[in-house]
Amino acid sequence: MSDTILEVVNASKHFGGLKAVDGVSFGVSRGEILGIAGPNGSGKSTLFNLITGVPFGPTSGEIRFQGQRIDRWPAHRIARSGLARTFQKDAEFPDLTARETLLVCGTYNGQLGRAAARSRSDEVLALVEFDGKRCDIPSRNLSVYEKKQLMIASALMSGPAVLMLDEPASGLTRPEIERLDALLVSVNASGLTVLLIEHVLSLLLSVSQRLVVLNQGSVLAQGNPADVVQNEDVIEAYLGGRKQ
Ligand SMILES: Nc1ncnc2c1ncn2[C@@H]1O[C@H](COP(=O)(O)OP(=O)(O)O)[C@@H](O)[C@H]1O
Ligand SMILES: [Mg+2]
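Named according to an unreviewed UniProt entry, the protein chain is ABC transporter ATP-binding protein originating from Rhizobium meliloti.

A word on the site of ligand 1. Taken together, Phe 15, Leu 18, Ala 20, Pro 39, Asn 40, Gly 41, Ser 42, Gly 43, Lys 44, Ser 45 and Thr 46 make up the full set of residues near ligand 1. Here an oxygen atom of ligand 1 sits 3.1 Å away from a polar atom, N or O, in the main chain of Ser 42. Here an oxygen atom of ligand 1 sits 2.6 Å away from a polar atom, N or O, in the side chain of Thr 46. In the complex, the protein chains occlude 61% of the 560 Å² of accessible area that ligand 1 would expose alone. When residues of the shell around ligand 1 are traced back to their parent elements, those giving at least two are β2 (18-29) and α1 (44-52). In terms of residues, the shell around ligand 1 owes the most to one element, α1, which gives 3 residues. The class makeup of the residues in the shell around ligand 1 is 4 nonpolar, 6 polar and 1 charged.

Next up on the list: the sheet that holds strand β4 (residues 60-65). With antiparallel pairing, 4 strands are arranged side by side in an open sheet as β2-β1-β4-β5. A strand with exactly one partner marks an edge of an open sheet, and here the two such strands are β2 and β5 (68-69). Of the pairings in the sheet, the one linking strand β1 (residues 4-15) to β4 comprises 5 bridges and is antiparallel in character. Bridge pairing links Ser 12 to Ser 60 in β4. Against the sheet, α1 engages β1, β2 and β4, with an angle of about 115° to β1.

All right, on to the coordination of the magnesium ion (ligand 2) then. When a metal holds four donors in a tetrahedron, each ideal angle between them is 109.5 degrees; when it holds six in an octahedron, the ideal angles are 90 or 180 degrees. Protein coordination at the magnesium ion (ligand 2): the donors are Ser 45 (OG) and Gln 88 (OE1), at 2.1 to 2.3 Å from the metal. On the criterion of sequence distance, the pair formed by Ser 45 in helix α1 and Gln 88 in the loop between β6 (83-85) and α3 (98-107) is long-range, its members being 43 residues apart. Ser 45 sits in the partly exposed class, given a relative accessible area of 23%. Its relative accessible area of 37% is what places Gln 88 among the partly exposed residues.

Let's shift gears to the packing of α3 against helix α5 (residues 144-156). How two helices sit against one another is set out by the angle between their axes and by the gap between those axes. At a minimum axis distance of 9 Å, the contact between α3 and α5 shows a crossing angle of 25°. Accordingly, the angle class assigned to the pair α3 and α5 is roughly parallel. For the element pair α3 and α5, the recorded crossing hand is right-handed. Packed against α3, whose contacting residues are Ala 98, Thr 101, Leu 102 and Cys 105, the element α5 presents Leu 150, Ala 153 and Ser 154 at the interface. The class makeup of the residues in the contact of α3 with α5 is 5 nonpolar, 2 polar and no charged.

Attention now goes to the pairing of β1. Pairing between β1 and β2: 8 bridges, direction antiparallel. Bridge assignment links Lys 13 to a residue of β2, and that residue is Val 21.

Glancing now at the environment of Thr 86. Along the chain, Thr 86 turns up in the loop between β6 and α3. In this structure Thr 86 comes out as buried when scored by relative accessible area, which is 2%. Separated by 70 residues in sequence, Thr 86 and Leu 156 place their C-alpha atoms 9.9 Å apart. In contact with Thr 86, not counting residues within four places along its chain, are Met 151, Ala 155, Met 164, Leu 165 and Asp 166.

Here is what the cut-offs are and how they apply
- Residues numbered from 1 in each chain as written.
- Chains lettered and ligands numbered in written order.
- Predicted model: local features only at pLDDT ≥ 70, side-chain atom pairs only at ≥ 80, totals over all residues.
- Heavy atoms only, no water.
- Near = heavy atom within 4 Å.
- Polar contact = N/O pair within 3.5 Å; in protein donor to acceptor, adjacent residues only side chain to side chain.
- Areas by Shrake-Rupley, 256 points an atom, 1.4 Å probe, with all protein chains shown as cover.
- Helix = DSSP H or I, 4+ residues; strand = E, 2+ residues; numbered from the N terminus.
- Nonpolar A, V, L, I, M, F, W, Y, C, P; charged D, E, K, R; others polar.
- Pairing = 2+ DSSP bridges.
- Contact = heavy atoms within 4.5 Å.
- Axes fitted to C-alpha atoms, helices over the stretch in contact; angles between N-to-C directions.
- Donors = N, O, S within 2.8 Å, 3.2 Å for Na, K, Ca; no water.
- Buried < 20%, exposed > 50% of the residue type's maximum accessible area, 1.4 Å probe, protein only.
- Parallel < 35°, antiparallel > 145°, perpendicular 65-115°, else oblique.
- Left-handed = near helix turned anticlockwise from the far one by under 90°.

In structure tokens form, the structure reads like this:
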């Protein structure tokens, strides 16, 4: 667990005068679930953009992944090197079935042949416990939870080492959040490192081995989740009257 798979070193992204991400540094250990918290607008999604290069890398600073500096790589090269992400806004292909969606993800850009994509789609559907009877209906008819399963399965099609999820619990009911909790634990147990941005703190605290809290583009606190949530600056950022 001590081996660092991903390292963000003094990374910044400024939009004109707005410091969306400002001098952020942290490491991610191979095999851990690292939670990322922070009020709305604190730079969490922008941080994912910088790491994956979608749609932009950092203004300054470095991103290192599996020993290589990736912050000047094009996004497709970063993705192929083993980093996969989901986006905050759900975006399924409404007319494609879950199976077709995964085949598109797998064969995109010649990544996998059709047979390999089909067998990989079986694996990822099983990993996210997608109901086999629902694989062949248009995605627009899937439930909110099934769309989340499909979103995660799609990200897994590239066979990543690190899975990055941006607020996957949004729109889910309490029992669905518990299912997602178990799903994230089993995805992690299958060997993936997970970076999880989540505003549902109960989920974040339940699954994360470590927590990084951002505020106004900077790291406010990081460490053991139980300690971080006791940190007075963190309590102030969440409860101290700043806009949530
Ligand atoms: N492409 C962009 N252009 C200009 N400002 C942006 C852009 N993306 C994000 N921002 C701004 O950067 C800040 C951080 O946004 P974001 O990373 O989405 O926060 P979070 O995900 O923590 O809610 C916000 O003030 C947001 O308006
Ligand atoms: Mg966000």
